[in-house]
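What the coordinates show
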Amino acid sequence: LQFNLKNIPGNNAVKDALQTAASTKNFAHALLFNGNEGSGNLPLSISFAKAVLCPNVTENGPCNTCQSCKNVDKLSHPDLHFSFPFISSVKNKISDASLATFKSAVIQNPFLSVNNWFELLEPGKQGVLTADESHNIIKKLSLKSFSGGYKVMIIWRPEFQNASAANRLLKIIEEPPEKTIFILVSEKREEVISTILSRCQLVKVSPPVQPEIEKFLINSFSVEPEKAKLISALADGNVGRAIEMLNNEAQNLDMLDRFVQLNRLAYKRDIASLMSWSEELAAIGREKQKLFLHYCLHLTRLSIRANFLNAALDNLSNQEKSFLAKFAPYVNHNNVIELNELFNKAHYAVVRNGNAKMIFLNLTFGLIPLIHPKNHKKSA
Ligand SMILES: [Zn+2]
């Protein structure tokens, strides 16, 4: 995956402005790229750095063939520096020990979420940007640039800086060494220490919309069109989540299993098993619960299409296809609105931190009358 402004989904006006700024070398020396998780603020910042560092850059972009461009793609350009939250300990007060892990994680998924990053470092721990790390940044930028051109420092998630870490950086961000750019990449700019925030020029990054993510998955990962549609819909503007789903298809199959089981038990009115199903769902964690409910909504929509539009479902996985063949007849114009409401209501309750066991128990009880054969016959 090349770091190219053109390849990143959405944000066309922002990309154009960044491209012009890079080729004319007309930009502020401290920028803050702010956007939701998975919206692309990190790959945008790296792609902008690539254009700034390429000696052959034009208004059409960097050359992508010179040593500088190749090094940026491998995240090994000697004038491109990174700072990011890491697990601090007595032995380890700067990010350098985690740098190799960080680079390979970003190459694998440039839309990486901070939670996945911490999970990768040490499950259950939260990272920080320490005052020592600020000193480390200053030290790195005091060296001469290797190429004789710009030096770029990307600070990912400055929200994780405490006041003393931020204070140490104030002076250098205000008056950086010659040909030095700071790019701060945040998701919640209101949580960035205000004295840092006020010294940066803001670049607003918006979450890409579903068709943009769909196109991105097809172009950059050669995903089959029908699958790209499904994943982009489930991603909800978070490209990182879409890439994770690609990397983890087993999880999709797992969700399908749960959905099949839910419908089978509700159909049989097997209350005892529905209760244990709810308990299982309550234990998988909020993020997976949200993903599961998105998936339920999506399968309901697909069922309606299968019934009424006779849509081509050939590109779905075999498991999904054979399930839809059985499930679709139970979704019809009498119950589709109620099914949608049921899954939406559960999703809303999960987002609002409701009691997960109750949410899923209510969901199962709500489902029984909707998919029962009596209801089905009435509509047929
Ligand atoms: Zn180049």
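To be clear, the structure that these remarks concern was listed above.
Before going into details, it helps to say that this report is about the structure given with it. (Residues numbered from 1 in each chain as written. Predicted model: local features only at pLDDT ≥ 70, side-chain atom pairs only at ≥ 80, totals over all residues. Heavy atoms only, no water.)

**Some points on the overall build of the protein**
Counting its regular elements, the protein contains 18 helices and five strands. Projected onto its principal axes, the C-alpha coordinates of the protein cover approximately 75 × 45 × 30 Å. Here the protein holds 380 residues, and 51% of them are scored as buried. Accessible surface computed for the protein: about 18,000 Å², of which carbon and sulfur atoms make up 51%. Considering the protein, the positive charge centre built from 43 side chains and the negative charge centre built from 34 side chains are found 1 Å apart. (Helix = DSSP H or I, 4+ residues; strand = E, 2+ residues; numbered from the N terminus. Buried < 20%, exposed > 50% of the residue type's maximum accessible area, 1.4 Å probe, protein only. Areas by Shrake-Rupley, 256 points an atom, 1.4 Å probe, with all protein chains shown as cover. Lys, Arg positive; Asp, Glu negative; His and termini not counted. Charge placed at Lys NZ, Arg CZ, Asp CG, Glu CD.)

**Here's the deal with the pattern of salt bridges**
Overall, the coordinates contain eight salt bridges when judged by the stated rule. Across the pair Glu 279 and Lys 357 runs a salt bridge, and its minimum N-O distance is 3.5 Å. One end of the pair, Glu 279, is in helix H13 (residues 271-282); the other, Lys 357, is in helix H17 (residues 356-371), with 78 residues separating them in the sequence. Residue classification places Glu 279 among the partly exposed residues on the basis of a relative accessible area of 41%. Beyond isolated ion pairs, a larger network of salt bridges with shared partners links Arg 157, Glu 159 and Glu 187. (Salt bridge = Lys/Arg side-chain N within 4 Å of Asp/Glu carboxyl O.)

**Considering the environment of Asn 136**
With respect to the helices and strands, Asn 136 occurs in helix H6 (residues 131-142). Placed 53 residues apart in sequence, Asn 136 and Ser 83 show a C-alpha to C-alpha distance of 9.0 Å. Beyond its immediate sequence surroundings of up to four residues, Asn 136 is in contact with Ile 94, Ser 95 and Asp 96. Among the polar contacts listed, one links the side chain of Asn 136 to the side chain of Asp 96, at a separation of 2.8 Å. (Contact = heavy atoms within 4.5 Å. Polar contact = N/O pair within 3.5 Å; in protein donor to acceptor, adjacent residues only side chain to side chain.)

**Some thoughts on the coordination of the zinc ion**
At the metal site, the zinc ion is ligated by Cys 54 (SG), Cys 63 (SG), Cys 66 (SG) and Cys 69 (SG), and these contacts range over 2.3 to 2.4 Å. One way to put it: the four donor atoms around the zinc ion meet at angles of 101 to 121°, and that makes the site tetrahedral. For the zinc ion, all donor residues lie on one chain, and their spacing in sequence is C-x8-C-x2-C-x2-C. Taken as a pair, Cys 54 in the loop between helix H2 (41-53) and helix H3 (67-73) and Cys 69 in helix H3 lie far apart in primary sequence, 15 residues in all. For the residue pair Cys 54 and Cys 69, the accessibility class agrees, reading buried in each case. (Donors = N, O, S within 2.8 Å, 3.2 Å for Na, K, Ca; no water. Tetrahedral: all angles 85-135°; square planar, octahedral: opposite > 155°, others 65-115°.)

**Some details on unusual backbone geometry**
Positive phi, normally seen in glycine, also occurs at Ser 222, with a value near 50°. A relative accessible area of 66% means that Ser 222 is categorised as exposed. Its identity is not glycine, yet Arg 269 carries a phi of approximately 55°, on the positive side. Inspection of the secondary structure assignment puts Arg 269 in the loop between helix H12 (249-268) and H13.

**Regarding the side chain of Asp 73**
Its place among the elements puts Asp 73 in helix H3. Those residues in contact with Asp 73 that sit more than four places away from it in its chain are Gln 2, Phe 3, Lys 50 and Ile 107.

**Structural notes on the sheet that holds strand E3 (residues 151-156)**
Strand order in the open sheet formed by five strands is E2-E3-E4-E1-E5, and the pairing between neighbours is parallel. With one partner strand each, in any of the chains shown, strand E2 (80-83) and strand E5 (201-204) form the two edges of the open sheet. Here the strands of the sheet are splayed against their neighbours by 20° on average, with no regard to which way each runs. Across five bridges, the pairing between strand E1 (residues 30-34) and strand E4 (residues 180-186) is parallel. Its bridge partner lying in E4, Ala 30 is registered against Phe 182. Strands in contact with H2 are E1, E2, E3 and E4; relative to E4, the strand with the most contacts, it is inclined by about 165°. (Pairing = 2+ DSSP bridges. Axes fitted to C-alpha atoms, helices over the stretch in contact; angles between N-to-C directions.)

**Points about the packing of helix H16 (residues 336-351) against H17**
The contact between H16 and H17 brings their axes to 10 Å, and the two run at 180°. By the angle between their directions, the pair H16 and H17 is classed as roughly antiparallel. Where H16 approaches H17, its residues Glu 338, Leu 339, Leu 342, Phe 343, Ala 346, Ala 349 and Val 350 are matched on the opposing element by Ile 359, Phe 360, Leu 363, Gly 366, Leu 367, Leu 370 and Ile 371. Split by residue class, the contact of H16 with H17 holds twelve nonpolar, one polar and one charged. (Parallel < 35°, antiparallel > 145°, perpendicular 65-115°, else oblique. Nonpolar A, V, L, I, M, F, W, Y, C, P; charged D, E, K, R; others polar.)

**Description of the packing of helix H9 (residues 210-221) against helix H10 (residues 225-235)**
The interhelical angle for the contact between H9 and H10, taken along N-to-C directions, is 135°, at an axis separation of 8 Å. Regarding the angle of H9 to H10, the classification is oblique. Handedness of the crossing formed by H9 with H10: right-handed. Contacts between H9 and H10 involve Gln 210, Ile 213, Glu 214, Leu 217 and Ile 218 on the former and, on the latter, Pro 225, Ala 228, Lys 229, Ile 231, Ser 232 and Ala 233. Partitioning the contact of H9 with H10 into residue classes produces seven nonpolar, two polar and two charged. (Left-handed = near helix turned anticlockwise from the far one by under 90°.)

**Describing the environment of Lys 215**
Mapping Lys 215 onto the fold places it in helix H9. With relative accessibility at 56%, the residue Lys 215 sits in the exposed group. The spacing of Lys 215 and Leu 246 is 31 residues in sequence and 14 Å in space, taken between C-alpha atoms.

Any functional reading would require information that these geometric values do not contain.
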